[in-house]
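So the chains spell out like this:
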Amino acid sequence: MRLNKLTQLAMTAALALGANIVSADEPLKVGFVYVGPTGDAGWSYGHDQGRKYIVEKFGDKIETNYVESVAEGADSERVIRQLAAKGHDLIFTTSFGYMNPTLKVAKRFKKVKFEHATGYKRGKNTGTYFARAYQGRYLTGLIAGKMTKTNVIGYVASFPIPEVIRGINAFTKGAVEANPDVTVKVVWASTWYDPAKEREAAETLMLQGADILTQHTDSAAVIQAAESKGNFAIGYHSDMSAYGAKAHLTSTVHNWGPLYAEKVQAVLDGTWKSEDLWPGIAEGVTDLAPLNDAIPADVKALVAKKKQAIKDGTIRVFDGPIFDQSGKEVVPAGSSLDDGALKSFNWYVKGVEGQLPKS
Amino acid sequence: MDFELFTNILFATLRTGTPLILIALGEMVCEKSGVLNLGQEGMVLMGAALGFIAAVVTGHAGLGIIAAILAGMMMSVLFAFLAVTLVSNQVATGLALTIFGTGLSGFLGAGYVGMAIDGIAPFPIPLLSDIPFIGKVLFSHDPLVYLSWVMFALIFWCFRSTRLGLTIRAVGENPEAANAIGIPVMKVRYGAILFGGAMAGLAGAYLSLVYTPMWSEGMSAGRGWIALALVVFASWKAERILLGAYLFGAASIMHLVLQGLGFEASPNLLAMLPYGATIIVLVIIASDAAKAKLSTPLALGKPYRPQV
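Residues numbered from 1 in each chain as written. Chains lettered and ligands numbered in written order. Predicted model: local features only at pLDDT ≥ 70, side-chain atom pairs only at ≥ 80, totals over all residues. Heavy atoms only, no water.

### Focus on the pairing of strand S6 (residues 152-157) of chain A
Residue and element names in this part refer to chain A.
Stage number 1. Buried residues dominate S6, accounting for six of its six residues.
Stage number 2. Neither face of S6 is exposed, since Val 152, Gly 154 and Val 156 on one face and Ile 153, Tyr 155 and Ala 157 on the opposite face are all buried.
Stage number 3. In this sheet, strand S7 (residues 183-188) lies alongside S6 in parallel orientation, the contact comprising six bridges. What sits directly across from Gly 154, in S7, is Lys 185.
Stage number 4. Assessed by its sense of winding, the connection that carries the chain from S6 through helix H6 (residues 162-178) to S7 is right-handed.
Stage number 5. Relative to strand S8 (residues 212-215), S6 is paired through four bridges, and the arrangement is parallel. The partner of Ile 153 across the bridge, within S8, is Ile 212. (Buried < 20%, exposed > 50% of the residue type's maximum accessible area, 1.4 Å probe, protein only. Helix = DSSP H or I, 4+ residues; strand = E, 2+ residues; numbered from the N terminus. Pairing = 2+ DSSP bridges. Right-handed = clockwise from strand over helix to strand, strands pointing away.)

If you want it as structure tokens, here you go:
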């Protein structure tokens, strides 16, 4: 009897202890949903690099899982729900079209934290985040403006949504600041990812006089096209120098790692809250890939100076005066566009050639 | 529009149409033998991935092309075994092949993303390429464009005036009758499927070694599916595949060029052009029911069990 009781006691203690040990050892489960394959060398690749960063940083404390090539819409809702049901504590959904599915699942799984990239709807347990990539665009615009000989710069774009238009405007603002005679020609490829089509768009732009190209699509085909014709190009999403050592001037890159680490730490500490994060160059989330040696020293110095100014907050990229295509002053000198205006861009700044398609 | 631009548009049209021609010709031969292989996209991606990997490993783009062809054939053998030998449902098997090929190519190629190779350079044909206009449009391409013309000519000739062409058609129209007169139906179907796989692999090599010399997952971006539609569009005639592929190529090039020229139309509408054109032609073809029926291989997609 006594023995029995003792055993029972011991067992309870062991169980309690064991349970404790388990809960302390149980890693935080972090899930990721990607819209493209992790091997696209672009958007989804960048997010997966961020995932690898936190794996490296937190080691055994976390367990990460990802699902790639998830179509936006109903399919994504199923995937997000599955991740939540499988006990993930923090889920990053990394494409604009996951916005409503994320919120829908978040309502059902109140204990799970959700982070949605590029969206604008938040909930109690759903935060949003994005990078101020336009700051990088502006800097690369300066380089393009300084280095073009034909004064025509080509821009291969995907779809006319505020995010893409903001990039075009920031780039053009930089280019025109560096060289008032520049025009930026935009071709809409109507795809995020089709290397062959992106390449044809690049060829078309070069035929029409562009000697520097940049792109807001997901592959590196534009860099290759520029390399094969002996022109320059500026990449996006990740360092694309491998695709054209001579052509590649630099790329605007995203470093999601530090941002993801911050969020994971917040969940581990129990301090996570729903918020809208929009970090940029100052936080190291937006950056430039190493600059090509073909860029003259004075241009490099200019870029470094402006980059520092953005870090210090002395310039904000969309500072006035800003003119629209018709030459009308939209933002007077001394003021600048606020984040709300940046997130709803539907007009081109002066220097962009062609009409913005109505989508 | 100036003359040089026009020349370049035609040049780009031929280049854009080439992968479609390769895939569609292969699928046409396959369908002529009565087998519907919806696995084109998967075979193209496997060709693109393995072709690129072989080119990186060996340093020879030419070996890459051979590897791509073999990869396409390997995939098609798998399909042939399931769909012909085991008489599984062709539609389901083909779809599975696409999903399998897309996944496997991504898996195998994962370590090769971001690598660069010297692709296959253009090969202007001596003398011919010096002819003004025509030389630039027709004879300044890379070798695979010329090869697509050679394949077209061979297939056109094969179905027009050879015994082999007749045999394949007999198998596709009525396998029982073909079997009765001693044609080895299974062997012919295997052969046609293998040929289709080789052509799809070749198209993959065109994408990853010539057009955009790189590997990235899913880089065929749906060309396998377009080619499948093209075969129907062409009502199983090689010359119409050539025409259809170039029409499609021209439409997708114009989508880009018109924007650069300041043509004010929605790019979404322009992007729709090639698909719209395909549908219109499909409707025109289908409007003549008798003719449409005549051109479709009668036993297409129907399982055939050899009588023992």
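Let's pick the thread back up.
### Regarding the sheet that holds S6(A)
Residue and element names in this part refer to chain A.
Stage number 1. Spatially, S12-S10-S9-S8-S6-S7-S15 is the arrangement adopted by the seven strands of the open sheet, whose pairing is mixed. Each having just a single partner strand, strand S12 (286-288) and strand S15 (352-353) make up the two edges of the open sheet.
Stage number 2. Bridge count between S8 and strand S9 (residues 232-237): three bridges; the pairing is parallel. Along S9, the bridge assignment pairs Leu 213 with Ala 233.
Stage number 3. Helix-sheet contacts for H6 involve S6, S7, S8, S9 and S15, and the interaxial angle to S6 is about 165°. (Contact = heavy atoms within 4.5 Å. Axes fitted to C-alpha atoms, helices over the stretch in contact; angles between N-to-C directions.)

### Looking at the environment of B:Pro122
All names here are of chain B.
Stage number 1. By the element assignment, Pro 122 lies in the loop between helix H4 (90-109) and helix H5 (134-138).
Stage number 2. Between the C-alpha atoms of Pro 122 and Gly 249, which are 127 residues apart in sequence, the distance is 19 Å.
Stage number 3. The contacts of Pro 122, once residues within four sequence positions are left out, are Ser 140, His 141 and Asp 142.

### Concerning helix H7 (residues 163-173) of chain B
All names here are of chain B.
Stage number 1. By the burial criterion, the buried members of H7 are Gly 165, Thr 167, Ile 168, Val 171 and Gly 172. Down the axis, H7 shows its buried residues gathered within 165° of arc, on one side only. Away from the buried face of H7 by more than 90 degrees, exposed residues Arg 163 and Leu 166 are located.
Stage number 2. Of the surrounding elements, those touching the buried residues of H7 are helix H1 (3-32), helix H6 (143-161), helix H8 (175-180) and helix H9 (185-211). (Arc of directions from axis to C-beta.)

### Remarks on the domain arrangement of chain A
Residues and elements named next belong to chain A.
Stage number 1. Taken domain by domain, chain A comprises domain 1 (23-129) and domain 2 (133-253 + 286-353).
Stage number 2. Taking only C-alpha atoms, the centre of domain 1 and the centre of domain 2 are 30 Å apart.
Stage number 3. Counting residues at the interface gives five residues for domain 1, matched by seven residues for domain 2.
Stage number 4. Surface buried jointly by domain 1 and domain 2 totals about 570 Å² across both partners, of which 60% is contributed by carbon and sulfur atoms.
Stage number 5. Put simply, domain 1 and domain 2 have zero salt bridges between them.
Stage number 6. Partitioned by chemical class, the residues of the side of domain 1 that touches domain 2 number three nonpolar, one polar and one charged. (Domains from an automatic or database assignment. Buried area = accessible area lost by both parts, 1.4 Å probe. Salt bridge = Lys/Arg side-chain N within 4 Å of Asp/Glu carboxyl O. Nonpolar A, V, L, I, M, F, W, Y, C, P; charged D, E, K, R; others polar.)

### Some details on the interface of chain A and chain B
Stage number 1. At the interface, 33 residues of chain A touch 30 residues of chain B.
Stage number 2. In terms of surface lost to chain B, no three residues of chain A exceed A:Glu200, A:Leu207 and A:Tyr243, which account for 20% of the buried area on that side.
Stage number 3. Along the contact surface separating chain A from chain B lie two salt bridges.
Stage number 4. One salt bridge in this structure joins A:Glu200 and B:Arg15, with 3.1 Å as the shortest N-O distance.

### With respect to the pattern of salt bridges
Residue and element names in this part refer to chain A.
Stage number 1. Evaluation of the coordinates by the stated rule reveals 20 salt bridges over all chains.
Stage number 2. The closest approach of N and O atoms between Lys 173 and Glu 177, which form a salt bridge, is 3.1 Å. In this pair, Lys 173 and Glu 177 both sit in helix H6, four residues apart, roughly one turn of the helix.
Stage number 3. When its relative accessible area of 13% is taken as the criterion, Lys 173 is described as buried.
Stage number 4. Its relative accessible area of 39% is what places Glu 177 among the partly exposed residues.
Stage number 5. Where Glu 203 meets Lys 229, a salt bridge forms, and the shortest distance between an N and an O atom there is 2.9 Å. Of this pair, Glu 203 sits in helix H7 (residues 195-207) while Lys 229 sits in the loop between helix H8 (221-228) and S9; the two residues are 26 residues apart in sequence, bridging distant segments of the chain.
Stage number 6. Note on Glu 203: relative accessible area 9%, which makes it buried.
Stage number 7. Salt bridges sharing partners connect three or more residues here, namely Glu 115, Lys 263, Lys 273 and Glu 275.

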